[in-house]
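Observations on the three-dimensional arrangement
Next come the chains, spelled out residue by residue.
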Amino acid sequence: MASVLGFSSTIVTSYESRNEPKLCTKFSAKTCSTLCFSWINQHGKKGRKHFQLRSSNGHPLNAVSSHDGLAGSSLAKEDGQPQQIEDSFSFSDSESTGSNLSITVVGASGDLAKKKIFPALFALFYEDWLPENFIVFGYARTKMTDEELRNMISQTLTCRIDKRANCADKMDQFLKRCFYHSGLYDSEDNFLDLDSKLKEREGGRSSNRLFYLSIPPNIFVDVVRCASLKASSKNGWTRVIVEKPFGRDSESSSELTRSLKQYLTEDQIFRIDHYLGKELVENLSVLRFSNLVFEPLWSRNYIRNVQLIFSEDFGTEGRGGYFDNYGIIRDIMQNHLVQILALFAMEPPVSLDAEDIRNEKVKVLRSMKPILLEDVVVGQYKGHSKGGKSYPAYIDDSTVPKGSLTPTFAAAALFIGNARWDGVPFLMKAGKALHTKRAEIRVQFRHVPGNLYKRNFGTDLDKATNELVLRVQPDEAIYLKINNKVPGLGMRLDRSDLNLLYRSRYPREIPDAYERLLLDAIEGERRLFIRSDELDAAWALFTPLLKEIESKKIAPELYPYGSRGPVGAHYLAARHNVRWGDLGGDD
Ligand SMILES: NC(=O)C1=CN([C@@H]2O[C@H](COP(=O)(O)OP(=O)(O)OC[C@H]3O[C@@H](n4cnc5c(N)ncnc54)[C@H](OP(=O)(O)O)[C@@H]3O)[C@@H](O)[C@H]2O)C=CC1
Ligand SMILES: O=C1O[C@H](COP(=O)(O)O)[C@@H](O)[C@H](O)[C@H]1O
């Protein structure tokens, strides 16, 4: 760790950008301002005369993107028109005026709030990432007191495995900052009451307000209208995190965007895709752009296929009602997998700034060739008994309509029609109720031309090509399959792994994706959030396919709960000369 004197030069050039504000929070506010001020002066970044939070891309934040040509964020005026305000958060503001951060979790009684959002907020608090003055409000229709909310939240809070000190104290301190307000999602009056409660807790300080919409999509617009008209900040920024699904197709997604933009500017909307907050997905660009060995190989010249694989070993039990309206292609492929694909395939961005990265991602999405029905396999799990235990079929769920054709599994071959990737199959596979839970990116390289060791491989030359695997979860790892000489006097080659196993190399708990994304939203860093044109391009890719599947009533291939999925997926891969890497048996 750099000494205090070395801070401005050493930490700033390091990739561990989040050590900076964190380090600062450990110093007195004055020392902190001086250190960061000195860095900003030295590097001339924006010339701002106070400490700034740094984003996950290592840049001091201006907290305003120039996308959409806006110089500042806005909040809606009473007439519903966006009104320009200063959009910045800084510790110096917080020092001089004691500015506050108020986070309202809308849908606080729900599953996602309990499972992910409150625990992530606590983890940020536990690790000193939140500003000194922050409060958290839960909002939902369910009647609850502050104390009942605290009890509910406390069930799912955990401390870092490797840092349990003061856990109970920290939980107590966090819970004291949590409050609850019960209200309807479409009632401006109820949001006005929320505004009064927020103001009371904010104690007259200037305040930045973040709303997390952890609710079903049919009420997004009502909430945004009410929150923006009646509970947005009058003297700081107002931002809204929106959870997927962002529509069901191009039309409904555009309609949602249009409705949201009646009350918010694009800069205020943070469309979350939690896969972009996962450690290994975040590392994809680092691996590519900070190592000489990968980028030169990153094209059709050396890569023969790329596989994006998502599987869960449980079904949709309990979520059948939601799932049946969407299906696996909308639930996983159109967002999580396609976002990873765009990051994987994009050209090097001009910089790590959000707009530079999102510009490159959107180019990839717009270069995608239409997905052909013949390049897609859909499946649905059926009931299965194993070891005396029986597992239900998808349609056994009482919330799923009888005879539903909704796919719980899909595999597809996608192609990018640009110079770098022409002809390279990007194979996606996503499924529920499979034999394993995992998410990974697999890159299979071409054969070595004129390989001198051909005869030492045995019969399966295909297995002898290099393969790079980024295991997103579980047990995060990056490994490269190489060919190696088996030690001894003979000349026999063996497949071996160069293995970066995270739990061995970095034996500390990896933050949950929601922690990174919440912190980014607080800091105004948009890099890991979906811009509206990215969303449009992703829907433009999948909407025709979805319509074709639905209008032709394509029957999904049934596969047993807990199996490896429909055999059709193997035929699909084989037609593109691909072997699924996750089924190879030696991974
Ligand atoms: N759960 C998960 O793992 C994931 C969820 N998401 C998305 O996040 C959002 C929230 O998810 P989740 O917490 O599971 O959702 P829930 O179904 O649990 O809904 C959240 C809250 O919204 C209110 N609510 C539910 N249904 C309705 C309705 N029909 N009309 C009005 N209010 C309703 C309820 O609160 P009350 O009755 O108290 O008002 C409920 O507690 C959804 O958009 C979901 O698609 C995305 C990824 C993963
Ligand atoms: O967005 C979603 O993601 C979850 C899987 O998330 P993970 O972080 O647990 O891998 C999935 O279960 C759900 O169906 C989907 O809506």
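Residues numbered from 1 in each chain as written. Chains lettered and ligands numbered in written order. Predicted model: local features only at pLDDT ≥ 70, side-chain atom pairs only at ≥ 80, totals over all residues. Heavy atoms only, no water.

1. A closer look at the site of ligand 2
Worth spelling out the cut-off: Residues are counted as near a molecule or strand when any one of their heavy atoms sits within 4 Å of it. Any pair of nitrogen or oxygen atoms within 3.5 Å is treated as a polar contact; in protein, a donor-acceptor pairing is required on top of that, and neighbouring residues in sequence qualify only through side-chain atoms on both sides. Method for areas: the Shrake-Rupley scheme with a 1.4 Å probe, in which residue coverage is limited to the protein chains shown. Residue classes follow a fixed rule: Ala, Val, Leu, Ile, Met, Phe, Trp, Tyr, Cys and Pro count as nonpolar, while Asp, Glu, Lys and Arg count as charged, and any other residue, Gly among them, counts as polar.
Every residue lining ligand 2 is accounted for by K244, H274, Y275, K278, E312, R319, D331, H336, K432, K437 and Q473. Between ligand 2 and K244, the relevant distance is 2.7 Å, taken from an oxygen atom to a side-chain nitrogen or oxygen of the residue. Contact distances for ligand 2 include 2.4 Å between an oxygen atom and a side-chain N or O atom of Y275. Within the complex, the protein chains bury 83% of what would otherwise be the 390 Å² of accessible surface of ligand 2. Looking at the shell around ligand 2 residue by residue, the classes come out as 1 nonpolar, 3 polar and 7 charged.

2. Focus: the sheet that holds strand β13 (residues 409-414)
How we decide: A pair of strands is treated as paired once DSSP finds two or more bridges between them. Counting from the N terminus, the helices are the DSSP runs of H or I reaching at least four residues and the strands are the DSSP runs of E reaching at least two. Lines are fitted to the C-alpha atoms to define the axes, a helix being fitted only along its stretch in contact, and any angle between axes, read from their N-to-C directions, falls within 0 to 180 degrees. Any two residues whose heavy atoms approach within 4.5 Å at even a single point are treated as in contact.
As summarised here, the arrangement of the 9 strands in space is β18-β17-β16-β15-β9-β14-β13-β10-β20, forming an open sheet in which the pairing is mixed. Each edge of the open sheet carries a strand with a single partner, namely β18 (493-501) and β20 (557-560). Neighbour-to-neighbour, the strand axes of the sheet open up by a mean angle of 20°, direction not taken into account. Against the sheet, helix α13 (residues 327-345) contacts β9 (303-311), β10 (376-382), β13, β14 (426-431) and β15 (438-445), and its axis sits at roughly 145° relative to β14. Against the sheet, helix α18 (residues 568-575) contacts β10, β13, β14 and β20, and its axis sits at roughly 5° relative to β13.

3. A closer look at the site of ligand 1
Taken together, the neighbourhood of ligand 1 is formed by 18 residues, with S109, L112, T142, Y185 and I215 sitting nearest. S109 places a polar side-chain atom, nitrogen or oxygen, 2.7 Å from an oxygen atom of ligand 1. Computed on the free molecule, ligand 1 has an accessible area of 870 Å², of which 75% lies beneath the protein chains in the complex. It is helix α5 (residues 111-126) that contributes the most residues to the shell around ligand 1, 3 residues altogether. For the shell around ligand 1, a count of residues per class yields 8 nonpolar, 5 polar and 5 charged.

4. Details of the pattern of salt bridges
Using the following cut-off: Each reported salt bridge corresponds to a side-chain nitrogen of Lys or Arg within 4 Å of a carboxyl oxygen of Asp or Glu. Residue burial is assigned from relative accessible area. The probe radius is 1.4 Å, only protein chains are included, and a residue is buried under 20% of its type maximum, exposed over 50%, and partly exposed in between.
One pass over the structure, following the stated rule, counts 41 salt bridges. Between D111 and K115 there is a salt bridge, with the nearest N and O atoms lying 3.0 Å from each other. Taken together, the residues D111 and K115, both in helix α5 and 4 residues apart, mark about one turn of the helix. When the shortest N-O distance is used, the salt bridge between E525 and R527 registers 3.9 Å. Of the residues examined, E525 reaches a relative accessible area of 3% and is grouped as buried. Its relative accessible area of 10% is what places R527 among the buried residues. Salt bridges sharing partners connect three or more residues here, namely E279, E282, R516, E525 and R527.

5. Digging into the confidence of the model for the protein chain
We apply this condition: Scored from 0 to 100, pLDDT records how confident the predictor is in each individual residue.
Looking at the protein chain, pLDDT values average 85 and 82% of them are 70 or higher. For residues 19-55, every residue scores under 50 in pLDDT, and the model assigns this stretch 79 contacts once sequence neighbours within four places are set aside. Scored below 50 in pLDDT, residues 58-97 makes 120 contacts in the model with residues more than four places away or belonging to other chains. The ipTM for the predicted assembly is 0.97, set against a pTM of 0.86.

6. A few points about the sheet that holds strand β7 (residues 238-242)
Consider a sheet: its strands pair through backbone hydrogen bonds, and that pairing is either parallel or antiparallel. Strand order across the open sheet formed by 7 strands is β5-β4-β3-β6-β7-β8-β19, with mixed pairing between neighbours. This sheet does not close on itself; its edge strands, each paired only once, are β5 (178-182) and β19 (529-530). Sheet topology places strand β3 (residues 100-106) next to strand β6 (residues 207-213); 7 bridges connect them, and they run parallel. In the strand pairing of β6, L101 is matched with N208. Across the sheet, helix α9 (residues 220-230) lies against β3, β6 and β7, angled at about 165° from β6, the strand it touches most.

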